[in-house]
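The residues making up each chain are set out below.
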Amino acid sequence: MIPFDLHTHCTLSFDGKSSAEDMVRRAAELGVKHYALTDHVDLGDHADPDFDLEATVSGAKKLLPALREKYADSIDLLYGVELGQFVHAPELAKKLLSENDYDFVIGSTHNIRGYDDFYFLDYKEYDPFRLLGTYFDELLESAETADFDVMGHITYPLRYITGDFGINVDLSQYAPIIDEILRALIKRGRGIEINTSGLRQKFGRIFPDEWIVKRYRELGGLILTIGSDAHCTDDLGKGIDEGIAVAKAAGFDRIAIFKYRKPTFIRI
Ligand SMILES: [Zn+2]
Ligand SMILES: [Zn+2]
């Protein structure tokens, strides 16, 4: 049994590989108890040109509540969204949140203003340390102003800077602003996630590193979710056990799940 997996994608996302129903059915087979589909809704000028906002949002709205009903006896399906770059289009973001009855909203930053997704950048051309400085500035802005339940994969750019380009980054140089981000999240009652996707990628670590999860707890943070960020049925539930171990080591004895944007807690 897998107690939860609160970050996954299906073909409603531009990069998803399995259909929503295949994901839900497989999650139920694996014994995932609380399961969220959180498809990408990326806002701002640098969102993928193939991304059709309307189709994604209305597709999820039609599909997920129906699947939640259909599989109600075998799985607790949560209707989620991974909302990217809230602060690049705050009015649109607020409108989307008011028009859709999401259970759970992950607030992610995949690109900073004026740049493409970190996935596309050539770190021989750009100074990764300067980009990271701007990235954390934007996370702080997001922590202080955006509406979401948990901030997604806080160290996301390292998936590419370190994982793909082999550039080691000592995050301690960003510790003061990471502290500010965590304090702002806590003050506004928002959480963070442990995203286990890095464990099965070249990066080889969770997002964020354990010390950041620990720091969030030390500062008084209580809202922590865990998700695999699976984009296909094969990756469902992967790394959740490791994520739970990290959460425990960081001082957590319970993990949040969300229904209608309200957290409830599962003991670990
Ligand atoms: Zn993401
Ligand atoms: Zn994701």
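Up top is the structure these notes are about.
In this report, we go over the structure that sits alongside the text. In this text the structure is predicted, and so the values were computed from the model without any measurement.

## A word on the overall build of the protein
- In terms of helices and strands, the protein carries eight helices and nine strands.
- Computed over its C-alpha atoms, the radius of gyration of the protein comes to 17 Å, within 12% of the 18 Å expected for a compact globule of 268 residues.
- Each principal axis of the C-alpha distribution contributes one length, and for the protein these read about 50 × 40 × 35 Å.
- Here the protein, with 268 residues, has 57% of them falling under the buried criterion.
- The long-range fraction of contacts in the protein, counting pairs at least 24 apart against all pairs at least 6 apart in sequence, stands at 75%.
- Carbon and sulfur atoms form 50% of the exposed surface of the protein, whose accessible area is close to 11300 Å².
- Of the charged side chains in the protein, 31 are positive and 45 negative, and the gap between their average positions amounts to 6 Å.

## As for the coordination of the zinc ion (ligand 2)
- Protein-derived ligands of the zinc ion (ligand 2) are H7 (NE2), H9 (NE2), E82 (OE) and D229 (OD), with the metal-ligand distances lying across 2.1 to 2.3 Å.
- Taken in chain order, the donor set of the zinc ion (ligand 2) reads H-x1-H-x72-E-x146-D.
- In this structure H7 comes out as buried when scored by relative accessible area, which is 0%.
- Take H9: its relative accessible area is 0%, and that puts it in the buried class.

## A short note on the pairing of strand β9 (residues 262-267)
- Of the pairings in the sheet, the one linking strand β8 (residues 254-259) to β9 comprises six bridges and is antiparallel in character. In the sheet register, I255 faces β9, and the bridge partner there is I266.
- If you look at the hairpin formed by β8 and β9, you'll find two residues sitting between the two strands, and Y260 has a positive phi there, around 45°.

## Quick notes on the coordination of the zinc ion (ligand 1)
- In this structure, E82 (OE), H110 (NE2) and H153 (NE2) serve as the protein donors to the zinc ion (ligand 1), at separations of 2.0 to 2.1 Å.
- The metal-metal distance between the zinc ion (ligand 1) and the zinc ion (ligand 2) is 3.5 Å, with E82 coordinating both. Here H110 lies in the loop between β4 (104-108) and α4 (128-145) and E82 lies in strand β3 (residues 76-84), a separation of 28 residues in the sequence. Of the two residues, E82 and H110, both sit in the buried class.

## Here we look at the pattern of salt bridges
- Counted under the stated rule, the structure contains 23 salt bridges.
- Put simply, D103 and R68 hold a salt bridge, and the shortest N to O gap is 2.7 Å. Here D103, found in the loop between α3 (90-99) and β4, pairs with R68, found in helix α2 (residues 53-70); they are 35 residues apart in sequence, far enough to count as distant.
- Taking relative accessible area as the criterion, D103 reaches 0% and is therefore assigned buried.
- Of the charged contacts, one joins K238 and D235 as a salt bridge, the two residues approaching to 3.2 Å between their closest N and O atoms.
- The class for D235 is buried, based on a relative accessible area of 18%.

Conventions and cut-offs
Residues numbered from 1 in each chain as written. Chains lettered and ligands numbered in written order. Predicted model: local features only at pLDDT ≥ 70, side-chain atom pairs only at ≥ 80, totals over all residues. Heavy atoms only, no water. Helix = DSSP H or I, 4+ residues; strand = E, 2+ residues; numbered from the N terminus. Rg over C-alpha atoms; globule rule 2.2 N^0.38 Å. Buried < 20%, exposed > 50% of the residue type's maximum accessible area, 1.4 Å probe, protein only. Contact = heavy atoms within 4.5 Å. Areas by Shrake-Rupley, 256 points an atom, 1.4 Å probe, with all protein chains shown as cover. Lys, Arg positive; Asp, Glu negative; His and termini not counted. Charge placed at Lys NZ, Arg CZ, Asp CG, Glu CD. Donors = N, O, S within 2.8 Å, 3.2 Å for Na, K, Ca; no water. Pairing = 2+ DSSP bridges. Salt bridge = Lys/Arg side-chain N within 4 Å of Asp/Glu carboxyl O.

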